[in-house]
Amino acid sequence: MAEPTIDAGAGPVALRRSPLAHLAARMRAAAVTGARGVTLTEWPFLTMVNLRVAPASEAAARIEKTLGAPLPRECGRTTTSGPHTVAWLGPDEWLVLSQTESAAVTAELRAALGGDPGSVVDVSANRTTLELSGPAARQVLEKGCPLDLHPRSFAPGRAVSTTVGPVAVLLWQVDDTPTYRLFPRSSFADYLARWLLDAMSEYRGPVNVIEC
């Protein structure tokens, strides 16, 4: 999925305030450039739809046709088509991440589900999106994430439920930069952002060289 875009149209949507709006300036100031570079950005209001359906059902096939992408069948897998990325959450559960307006995506998926067993729930307000990117991004995460994030184990396209610091997140690696997107609950976003900013701070200083 490409870089998220934000619709700043009129009405209630334009009045929304993201969970991390108060930290925007601090995140910009914390950016580090160069070989040890790392940046932290919030992408608020990304459409997120929780989907539950039997994976081998006719309803699942209709949903896949609507999304233009298969529902991933293995832990950690994602699939992408156009504005939609689908992340595996469980054997019959997925999170649809989209750049399309949430009401439209939810309505289309509910229509595809029809009267079959399952659920389609707009959870866009439940989480926000933090993007951590740069040569040092993996090292920052490794300070508090129990996953093996080495490229041999975790690569672009992988998305896993884990913890960063004490905060539960869905962690998705987007590219080889590396760039990661973290999806914490909105109520924990402030804590996680501050934790990441603190973890980033050492990369602003000079590299210590130990002489033998």
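These notes cover the structure that comes with them. As a convention, each chain's residues are numbered from 1 in the sequence order in which they are written. The predicted nature of this model means local features are confined to residues of pLDDT at least 70 and side-chain atom pairs, given and counted, to a pLDDT of 80 or more, with totals for whole chains, interfaces and linings taken over all residues. Note: side-chain values were computed over all heavy atoms of the structure, leaving out hydrogens and water.

Points about helix 2 (residues 58-67)
Then step 1. Relative accessible area decides the class of each residue, using a 1.4 Å probe on protein chains only: under 20% of the type maximum gives buried, over 50% gives exposed, and in between gives partly exposed. Note on conventions: DSSP H or I runs of at least 4 residues are helices, E runs of at least 2 residues are strands, and numbering of each starts at the N terminus. Buried within helix 2 are the following residues: Ala-59, Ala-60, Ile-63, Glu-64 and Leu-67. Angular distribution of buried residues about the axis of helix 2 spans 140°; they occupy a single face of the element. Structural note: helix 2 exposes Glu-58 and Lys-65 on the side pointing more than 90 degrees away from its buried face.
Then step 2. Contacts between residues were defined by any pair of non-hydrogen atoms, one from each residue, lying within 4.5 Å. In the core, the buried residues of helix 2 are packed alongside strand 2 (47-52), strand 3 (78-81), strand 4 (84-90), strand 5 (93-98) and helix 3 (102-113).
Then step 3. Residue Gly-68 follows helix 2 closely and has a positive phi angle near 75°. In this context, the arc is that of the directions from the helix axis out to the C-beta atoms.

Some remarks on the sheet that holds strand 2
Then step 1. Pairing between strands is defined by DSSP: at least two bridges between the two strands are required. Read across the open sheet, the 5 strands follow the order 3-4-5-2-6; overall the sheet is antiparallel. Both edges of this open sheet fall to strand 3 and strand 6 (119-122), since each of them pairs with a single strand only. If you compare each strand with its neighbour and ignore which way they point, the axes differ by 20° on average.
Then step 2. Judged from the 4 bridges that link them, strand 2 and strand 6 form a sheet pairing that is antiparallel. Bridge pairing in strand 6 links Asn-50 to Val-121.
Then step 3. Between N-to-C directions, angles span 0 to 180 degrees; the directions come from axes that are lines fitted to C-alpha atoms, helices contributing only their stretch in contact. Where helix 3 meets the sheet, it contacts strand 2, strand 4, strand 5 and strand 6, and its direction lies at approximately 175° from that of strand 6.

A look at the packing of aromatic side chains
Then step 1. Centres within 6.5 Å make a pair out of two Phe, Tyr or Trp rings, where for Trp the six-membered ring is used; the pair is then stacked when the planes are under 30 degrees apart, edge-to-face when over 60, and tilted otherwise. This model, assessed by the stated rule, comprises 1 aromatic pair.
Then step 2. Summarising the aromatic geometry, the rings of Trp-172 and Phe-183 are spaced 6.4 Å apart at their centres and angled 15° between planes, so their arrangement reads as stacked. Taken as a pair, Trp-172 in strand 9 (residues 167-175) and Phe-183 in strand 10 (residues 179-184) lie far apart in primary sequence, 11 residues in all. Comparing Trp-172 with Phe-183 shows no difference in burial state: the two are buried.

Comments concerning unusual backbone geometry
Then step 1. A cis amide bond, omega 0°, links Thr-177 with the succeeding residue Pro-178.
Then step 2. Tracing the sequence through the fold places Pro-178 in the loop between strand 9 and strand 10.
Then step 3. At Phe-45, a residue that is not glycine, the phi angle is positive and equals roughly 65°.
Then step 4. You can call Phe-45 partly exposed: its relative accessible area is 28%.

Structural notes on the nonpolar core
Then step 1. As used in this record, nonpolar core signifies buried Ala, Val, Leu, Ile, Met, Phe, Trp, Tyr and Cys residues forming a set joined through side-chain atoms within 4.5 Å. Counting 32 residues, the largest nonpolar core has Leu-130, Leu-132, Leu-141, Val-164, Leu-171, Leu-182 and Leu-196 as the members making the most contacts within it.
Then step 2. Taken together, the elements giving at least two residues each to this core come down to strand 7 (130-133), helix 4 (137-142), strand 8 (159-164), strand 9, strand 10 and helix 5 (189-200).
Then step 3. Residues in contact with Leu-182, not counting those within four places in the same chain, are Thr-128, Thr-129, Leu-130, Leu-132, Leu-141, Val-164, Leu-170, Leu-171, Leu-192 and Leu-196.

Regarding the sheet that holds strand 7
Then step 1. The strand order across the open sheet built from 5 strands is 1-7-10-9-8, with neighbouring strands paired in antiparallel fashion. Both edges of this open sheet fall to strand 1 (39-42) and strand 8, since each of them pairs with a single strand only. Taken over all neighbouring pairs, the strand axes of this sheet differ in orientation by 30° on average, direction set aside.
Then step 2. Relative to strand 10, strand 7 runs antiparallel, the two being bridged by 4 bridges. Bridging from a neighbouring strand, Leu-130 pairs with Leu-182 of strand 10.

A word on helix 3
Then step 1. Along its 12 residues, helix 3 runs 16 Å from first to last C-alpha, staying within 8% of the 16 Å computed at 1.5 Å per residue.
Then step 2. Inspection of helix 3 places Ser-102, Val-105, Thr-106, Leu-109, Ala-112 and Leu-113 among the buried residues, and these make up the whole buried set. Relative to the axis of helix 3, the buried residues are bounded by an arc of 125° and lie together on one face.
Then step 3. Taken together, the buried residues of helix 3 touch strand 2, helix 2, strand 4, strand 5 and strand 6.
Then step 4. Between the side-chain oxygen of the N-cap and the backbone nitrogen of Ala-103 there are 3.0 Å, and the N-cap of helix 3 in question is Glu-101. Between the first and last residue of a helix there are one fewer steps than residues, each counted as 1.5 Å, and that sum is the expected span. Counting of polar contacts relies on pairs of N or O atoms within 3.5 Å, with two restrictions inside protein: one atom must be capable of donating a hydrogen and the other of accepting it, and residues adjacent in sequence are counted only when both atoms are side-chain atoms.

Geometric descriptors of this kind do not, in isolation, establish any biological role.
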